[in-house]
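Given next are the chains, with one letter for each unit.
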Amino acid sequence: MPARRPLIAGNWKMYKTRAEAEGLAREVRTGATRPGVDVLVAPPFTVLAAVARVLKGSNVLLGAQNMHSESEGAFTGEVAPPMLKEAGCTHVILGHLAHGLVPIVCVGETLEERDAGKTMAVVERQVDRALRGLSPERVEGLVIAYEPVWAIGTGRTASPAQAQEVHGFIRRRVAGSHGPAAEVVRILYGGSVKPDNIGALMHEPDIDGGLVGGASLKGDSFLKIVHYPEG
Ligand code: PGA
C-alpha cells in the first residue's frame, strides 16, 4: 500500500487581522517543519497575500477557504481561482475541481442525520457527487475532509473509532468508483481536533491528517497538533 503523507491543515475561518495573521504565519513557518508531514494554513481572503509573503520559501502550504467556479465574472463577493493562485494559494477548501488548485472537499453528516442512522448514506452521496466524472489521476490528487457537522466548533469530537468507521467507508467507496486511487487520496478528519486528541485520531489507518479550526488559531496549539505523538 503506498504511504500517504499526513496533512495537517489549519482553517482560520473568519479570524485574524493582518498583523495577527502575519504573526501566526511566522510561528507556523518556524515551528511547523516536520519531515514527512505536510502543513497547510487557510487564512481569510483579505490576508492571503500577506501570509503568502511570510510563508514564501518555506514548506508551509497556503490554501483559501472558498472560491467560485468561474475564472471571472460579475459575481459580487466571490473570488475566482486565478485570483487565489495569484495570491499564492495551492489549495482551496470546498472548492471546484479546476485551475490546478487542490480542492479539499468537505463531507459530513449533521447530528440529526447521525441519530437517524443516515451517516453512511449522507457521506456516500456527498462523496459520489464530488468525485463524479473525475479521472483516477484527479482523485489521487484530491484531499477529502470528513467533518461531521456536529463536531465542528462544538468541542465534541468523533471518537477515533467513529471517525475511522466513516473514513474506511469513504475509502472503500472511492475504491469502488476509482480503483487504486483510493489508496492514494488523503482523507482528513475535521471537527474539534485538539492537541490531546490528534494522536489517537492519526493512529487510525484511514485518517491521513486533520482539518483544524479553533485549535489552529494559536501557534502553540497548532504546532502541538503538527507534532502529534506517533504510535
Ligand atoms: P474546529 O473546526 O476544529 O473548530 O471544530 C473544524 C473545521 O470546520 O474545519
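Residues numbered from 1 in each chain as written. Predicted model: local features only at pLDDT ≥ 70, side-chain atom pairs only at ≥ 80, totals over all residues. Heavy atoms only, no water.

A. Here's a closer look at the environment of threonine 46. Inspection of the secondary structure assignment puts threonine 46 in the loop between β2 (38-42) and α2 (48-55). Along the primary structure threonine 46 and threonine 17 are separated by 29 residues, whereas in three dimensions their C-alpha atoms are 8.6 Å apart. (Helix = DSSP H or I, 4+ residues; strand = E, 2+ residues; numbered from the N terminus.)

B. Just the site of the ligand, in detail. Close to the ligand lie 13 residues; Lys13, Gly153, Ser192, Gly213 and Gly214 are nearest. With respect to the ligand, the backbone of glycine 153 contributes an N or O atom lying 2.7 Å from an oxygen atom. Glycine 214 places a main-chain nitrogen or oxygen 2.8 Å from an oxygen atom of the ligand. Summarising the interface, the protein chains cover 95% of the accessible area of the ligand, which totals 280 Å² for the free molecule. Residues that form the shell around the ligand fall into these classes: five nonpolar, six polar and two charged. (Near = heavy atom within 4 Å. Polar contact = N/O pair within 3.5 Å; in protein donor to acceptor, adjacent residues only side chain to side chain. Areas by Shrake-Rupley, 256 points an atom, 1.4 Å probe, with all protein chains shown as cover. Nonpolar A, V, L, I, M, F, W, Y, C, P; charged D, E, K, R; others polar.)

C. Molecular detail of the nonpolar core. The biggest cluster of nonpolar side chains holds 63 residues, and the ones touching the most others in it are Ile8, Val41, Val51, Leu84, Ile170, Val174 and Tyr189. In this structure tyrosine 189 touches Tyr146, Pro148, Ala151, Thr157, Ala158, Ala163, His167, Leu201, Ile207, Gly209, Gly210 and Leu211, once residues within four positions along its chain are discounted. Of all hydrophobic cores here, the second largest spans ten residues; its members include Leu40, Ile93, Ala145 and Leu211. (Core = buried A, V, L, I, M, F, W, Y, C linked by side-chain atoms within 4.5 Å. Buried < 20%, exposed > 50% of the residue type's maximum accessible area, 1.4 Å probe, protein only. Contact = heavy atoms within 4.5 Å.)

D. How the structure looks around the pairing of strand β3 (residues 61-64). As paired elements, β2 and β3 share two bridges and run parallel to each other. Looking across to β3, one finds that leucine 40 is bridged to leucine 61. Following the chain from β2 across α2 to the adjacent parallel β3, one finds a crossover that is right-handed. Where β3 lies against strand β4 (residues 91-93), two bridges are found, and the strand directions are parallel. From the neighbouring strand, alanine 64 faces β4, where its bridge partner is valine 92. A crossover connection joins β3 to the parallel β4 through helix α3 (residues 81-86); in handedness this β-α-β unit is right-handed. (Pairing = 2+ DSSP bridges. Right-handed = clockwise from strand over helix to strand, strands pointing away.)

E. Expanded view of the pattern of salt bridges. The tally for this structure, following the rule as stated, stands at twelve salt bridges. For the salt bridge of arginine 4 with aspartate 208, the shortest nitrogen-to-oxygen distance reads 2.8 Å. With arginine 4 in the segment before β1 (7-11) and aspartate 208 in the loop between α8 (198-202) and β8 (209-212), this pair connects stretches of sequence that are 204 residues apart. Using a relative accessible area of 5% as the deciding quantity, one classes aspartate 208 as buried. (Salt bridge = Lys/Arg side-chain N within 4 Å of Asp/Glu carboxyl O.)

F. Inspection of the side chain of arginine 171 at higher detail. With respect to the helices and strands, the residue arginine 171 is situated in helix α7 (residues 160-178). Exposure remark for arginine 171: the relative accessible area of 4% places this residue in the buried category. A distance of 2.7 Å separates polar atoms of two side chains, one belonging to arginine 171 and the other to aspartate 208. The residues touching arginine 171, leaving out its near neighbours within four places in the chain, are Arg4, Ala182, Glu183, Val185, Ile187, Asp206 and Asp208.

G. Structural detail: α7. The end-to-end C-alpha distance of α7, which contains 19 residues, comes to 26 Å, matching closely the 27 Å that a straight helix rising 1.5 Å per residue would cover. Burial in α7 covers these residues: Ala163, Gln164, Val166, His167, Gly168, Phe169, Ile170, Arg171, Val174 and His178. (Expected span 1.5 Å × (residues − 1).)

H. Broad picture of the environment of glycine 88. Within the element layout of this structure, glycine 88 appears in the loop between α3 and β4. For glycine 88, a relative accessible area of 36% corresponds to the partly exposed category. Once the C-alpha coordinates of glycine 88 and glutamine 164 are considered, the two residues, 76 residues apart in sequence, prove to be 33 Å apart. Excluding anything up to four places from it in sequence, glycine 88 contacts Ala52 and Leu62.

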